[in-house]
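Residues per chain are reported as follows:
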Amino acid sequence: MVGVFSRQWVEPLANVLKNLGSESAWVVHGSDGLDEITSAGPTHVAALENGTVAQLRDRAEDVGVARAMPEMLRGGDAEENARALLDVLKGKVARSATLRS
């Protein structure tokens with residue numbers, strides 16, 4: 001999986017990966033401007049599978065993830081983010097640290 005900063009590069013990069021010999025890849029761009037899969041809206045995907053690139057539009061709700069507004073995904077300072085990451089690695093869910101209004 002590779003994220004791109006602009007929707008216009010989703011399909012071209014998937015084709016580049018195909019031409020370079022990749023067998024399977026997803027190139028993604030979040031509709032909220034993120035260069036990754038987003039829960040704030042649809043994610044534009046070019047999926048390379050079996051030598052073919054197909055355009056998809058994934059929504060968080062389609063895979064059981066609740067929709068979130070971009071401001072709810074904002075992190076904190078370095079110390080708070082490090083603590084939240086360690087909690088995730090320990091199997092804890094740090095909802096209060098990651099969901100803000």
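For the structure itself, look to the data block above.
The rules behind these values
Residues numbered from 1 in each chain as written. Predicted model: local features only at pLDDT ≥ 70, side-chain atom pairs only at ≥ 80, totals over all residues. Heavy atoms only, no water. Buried < 20%, exposed > 50% of the residue type's maximum accessible area, 1.4 Å probe, protein only. Helix = DSSP H or I, 4+ residues; strand = E, 2+ residues; numbered from the N terminus. Pairing = 2+ DSSP bridges. Right-handed = clockwise from strand over helix to strand, strands pointing away. Expected span 1.5 Å × (residues − 1). Patch = residues over 30% accessible without salt bridge, like charges linked within 9 Å, V, L, I, M, F, W, Y side chains within 5 Å. Areas by Shrake-Rupley, 256 points an atom, 1.4 Å probe, with all protein chains shown as cover. Salt bridge = Lys/Arg side-chain N within 4 Å of Asp/Glu carboxyl O. Contact = heavy atoms within 4.5 Å. Axes fitted to C-alpha atoms, helices over the stretch in contact; angles between N-to-C directions. Core = buried A, V, L, I, M, F, W, Y, C linked by side-chain atoms within 4.5 Å.

Participant: Whenever I open this one, the pairing of strand β2 (residues 24-30) confuses me. Can you help?
Facilitator: Where burial is concerned, most of β2 is hidden: five out of the seven residues are buried. Relative to β2, strand β1 (residues 2-3) runs parallel, the two being bridged by two bridges. The residue bridging valine 2 from the neighbouring strand is valine 27, located in β2. One crossover worth recording links β1 to the parallel β2 by way of helix α1 (residues 10-19), and it is right-handed. Strand direction decides the pairing type here: β2 and strand β3 (residues 43-49), joined by seven bridges, are antiparallel. Bridge pairing in β3 links serine 24 to glutamate 49.

Participant: Help me understand unusual backbone geometry, please; the structure alone is not making it clear to me.
Facilitator: With glycine set apart, most residues show a phi of negative sign, and most peptide bonds adopt trans. Even without a glycine there, the phi angle at asparagine 50 is positive, about 55 degrees. Mapped onto the elements of the fold, asparagine 50 is located in the loop between β3 and β4 (52-58). Residue classification places asparagine 50 among the exposed positions, given a relative accessible area of 75%.

Participant: Please explain helix α2 (residues 78-89) as it appears in this structure.
Facilitator: Because the α-helix completes a turn every 3.6 residues, residues three or four places apart line up on one side. With twelve residues, α2 extends 16 Å between its outermost C-alpha atoms, agreeing within 8% with the 16 Å of an ideal straight helix rising 1.5 Å per residue. At the exit of α2 stands glycine 91, carrying a positive phi of roughly 90 degrees.

Participant: Help me understand a nonpolar patch on the surface in this model?
Facilitator: Residues Leu85, Leu86, Val88 and Leu89 make up a contiguous nonpolar surface patch of about 420 Å² in total accessible area. Inspection of the secondary structure assignment puts leucine 89 in helix α2.

Participant: When you look at the pairing of β3 in this model, what are you seeing that I'm missing?
Facilitator: Successive residues of a regular strand alternate their side chains across the two faces of the sheet. Across the seven residues that make up β3, a large majority, six, are buried. Bridge count between β3 and β4: seven bridges; the pairing is antiparallel. Residue pairing across strands places leucine 48 opposite valine 53, the latter belonging to β4. The turn joining β3 and β4, which pair antiparallel and follow one another in sequence, is formed by two residues; a positive phi near 55 degrees is taken by asparagine 50.

Participant: What am I meant to see in the sheet that holds β4 here?
Facilitator: Neighbouring strands of a sheet are bound in pairs by backbone hydrogen bonds; such pairs are parallel or else antiparallel. Pairing within the open sheet is mixed, and its four strands lie in the order β1-β2-β3-β4. Each edge of the sheet is formed by a strand with only one pairing partner; in this case those strands are β1 and β4. In this fold α1 packs onto β1, β2, β3 and β4, with an angle of close to 20 degrees to the strand it touches most, β3.

Participant: What's the story with the nonpolar core in this structure? I'm lost.
Facilitator: Nonpolar side chains in soluble globular proteins generally cluster together in the buried interior. Among the nonpolar cores identified, the biggest contains nine residues, and these are Val4, Val10, Ala14, Leu17, Ala25, Val27, Ala46, Leu48 and Val53. Elements with a minimum of two residues in this core: α1, β2 and β3. When sequence neighbours within four positions are dropped, the list of residues in contact with leucine 17 reads Val2, Ser22, Ala25, Val27 and Leu48.

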